[in-house]
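Residues per chain are reported as follows:
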Amino acid sequence: MKTKTIVLSLLVFAFFKANSQTFVQRYADIANQVSQTNVTNYLTEFEALGLKRRGTPELDNTFNWIKNKYLSYGYTAGQMQEDSYTYSGSTAVCKNLILNKVGTLYPNIYVIVCAHYDSIGGTGTNDNGSGTACLLEMARLLQNVNTQYSIKFINFSGEEDGLKGSQHYVSSIVNATTPKMNIKLVFNLDEVGGVAGMTNNTITCEKDTNNSPSTNNAASATITNELITCVGLYSPLQTFLSYAYASDYMSFQANNEIITGFFEKNETTHKHTATDFLSNMDPVYNYNVAKAATGAVLHFAVADTTLDTVNPVGEFQVNTFPNPINDFINVSMGQLSGLKSKFSFYDINGKIVLQKEVENSKLVENIDVAGLSKGMYLLKINSDDKEVTKKIVVE
């Protein structure tokens, strides 16, 4: 949405290192799986969906297109949340789409990665199909990657009407959660498609410099320095430091959350017009931004640096944590959420020592195992005709 004149800027070179960040080969391996073909196809399909304004079939079609992309990657409807709202001046119902990926160590602390999908004046292929393309590719690649912190990939509507979607989400979900949702940081991607015919080799990294409130500014500066380092580690892009404003992260900033973001350095002249097309963008730049963003999210959410040989994300995306356990075990149900499920714990002699049935399983089921003795167990999870077995160690 925004138009920016840089008044606070600093060229930061790729070799800049902050907070003892070092290159992680597995993060690079995942970031290098970002597909140029996918990014270009996302942009092409997004453009074909038309002008995405409130109350239009095109906005609803885009919402469903994004949802179906997530489903095609192997996520389930149970991992997604639809946040519907209206706002003054319109009776149109708009929707935010939230994709939840549960963390293995801090399931109730969230890294939020967001981009808006509505447009004004035209198809919005750059503003903000480009950010949407990054979210889709990140979600695809992280689907089977364990992260210590939970991730929420949020596709906001209502941004072009004054951040309506993100404002509603903060007031109606973040602050309405008991206790209030614990957000580690918010990473916003808005207009990251570059300009056709220009050398697009630099991404603007945005930090909070606002005074209302200012108490989150220092933490935002730290996180943005980490973002800058990730760009250098996991993409060929250079970085340019600037300030955050006028996009969905500002709804979180006003709520005293820690924010950072990406914005294109060469700014398009086609935003909010009928000529905001792929032909006026640089899809290779968008691809490189997606690589940088993927590396950053792996860092922020603290992804496993090796494949977990004890309890990997496995069949039907079911995962258990922590492991070893003491009094409770959390079971991330993945594709089995929303189904009737039975949890059976077997000792080393094959005897069932604990069993629990749940009629409509949540995204994360918490099971009391305080009665189990120390040792090794097998946990069998049966949901409809599906069965998953996990090895459990009780300390």
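These numbers were taken from a predicted model, which means no experiment stands behind them.

**Things to note about helix α2 (residues 36–48)**
End to end, α2 covers 18 Å across 13 residues, agreeing with the expected 18 Å (1.5 Å per residue, within 8%). V39, Y42, L43 and F46 are the residues of α2 that are buried. Buried positions in α2, seen along its axis, are confined to an arc of 95° and lie on one side of it. Structural note: α2 exposes T37 and A48 on the side pointing more than 90 degrees away from its buried face. Looking at the packing, one finds that the buried side of α2 touches α3 (57–72), α4 (129–142) and α8 (283–300).

**With respect to the packing of α3 against α4**
One can describe the packing of α3 onto α4 by two numbers: an axis separation of 10 Å at closest approach and a directional angle of 20°. One way to sum up the angle between α3 and α4 is to call them roughly parallel. Where α3 crosses over α4, the handedness of that crossing is right-handed. Touching W65, I66, K69 and Y70 of α3 are T132, L135, L136 and A139, all from α4. In terms of residue class, the contact of α3 with α4 is built from six nonpolar, one polar and one charged.

**Some thoughts on the nonpolar core**
Counting residues in hydrophobic clusters, the biggest one holds 70 residues, and the most contacted among them are Y70, V113, F153, F187, L189 and F262. At 10 residues, the largest contribution of residues to this core is made by α8. In this structure F153 touches Y70, L97, I98, L99, V113, L135, M138, A139 and L142, once residues within four positions along its chain are discounted. Formed by 19 residues, the second largest nonpolar core is a distinct cluster that contains Y110, C114, F252 and I259.

**Here's the deal with the packing of aromatic side chains**
Enumeration according to the criterion identifies 14 aromatic pairs in this entry. Centroid distance Y27 to Y234: 6.2 Å. Interplanar angle 55°. Geometry classified as tilted. Of this pair, Y27 sits in helix α1 (residues 25–31) while Y234 sits in helix α6 (residues 217–234), and the two are 207 residues apart along the sequence. For the pair Y27 and Y234, one class covers both residues: buried.

**Examining the confidence of the model for the protein chain**
With 93% of its residues at a pLDDT of at least 70, the protein chain reaches an overall mean of 92. Counting contacts from residues 5–19, a segment whose pLDDT is below 50, to residues more than four positions away or on other chains yields 28 contacts. For residues 308–312, every residue scores under 50 in pLDDT, and the model assigns this stretch 13 contacts once sequence neighbours within four places are set aside.

Calculation rules
- Residues numbered from 1 in each chain as written.
- Predicted model: local features only at pLDDT ≥ 70, side-chain atom pairs only at ≥ 80, totals over all residues.
- Heavy atoms only, no water.
- Helix = DSSP H or I, 4+ residues; strand = E, 2+ residues; numbered from the N terminus.
- Expected span 1.5 Å × (residues − 1).
- Buried < 20%, exposed > 50% of the residue type's maximum accessible area, 1.4 Å probe, protein only.
- Arc of directions from axis to C-beta.
- Contact = heavy atoms within 4.5 Å.
- Axes fitted to C-alpha atoms, helices over the stretch in contact; angles between N-to-C directions.
- Parallel < 35°, antiparallel > 145°, perpendicular 65-115°, else oblique.
- Left-handed = near helix turned anticlockwise from the far one by under 90°.
- Nonpolar A, V, L, I, M, F, W, Y, C, P; charged D, E, K, R; others polar.
- Core = buried A, V, L, I, M, F, W, Y, C linked by side-chain atoms within 4.5 Å.
- Phe/Tyr/Trp six-rings, centres within 6.5 Å; stacked < 30°, edge-to-face > 60°.
- pLDDT = per-residue confidence, 0-100.

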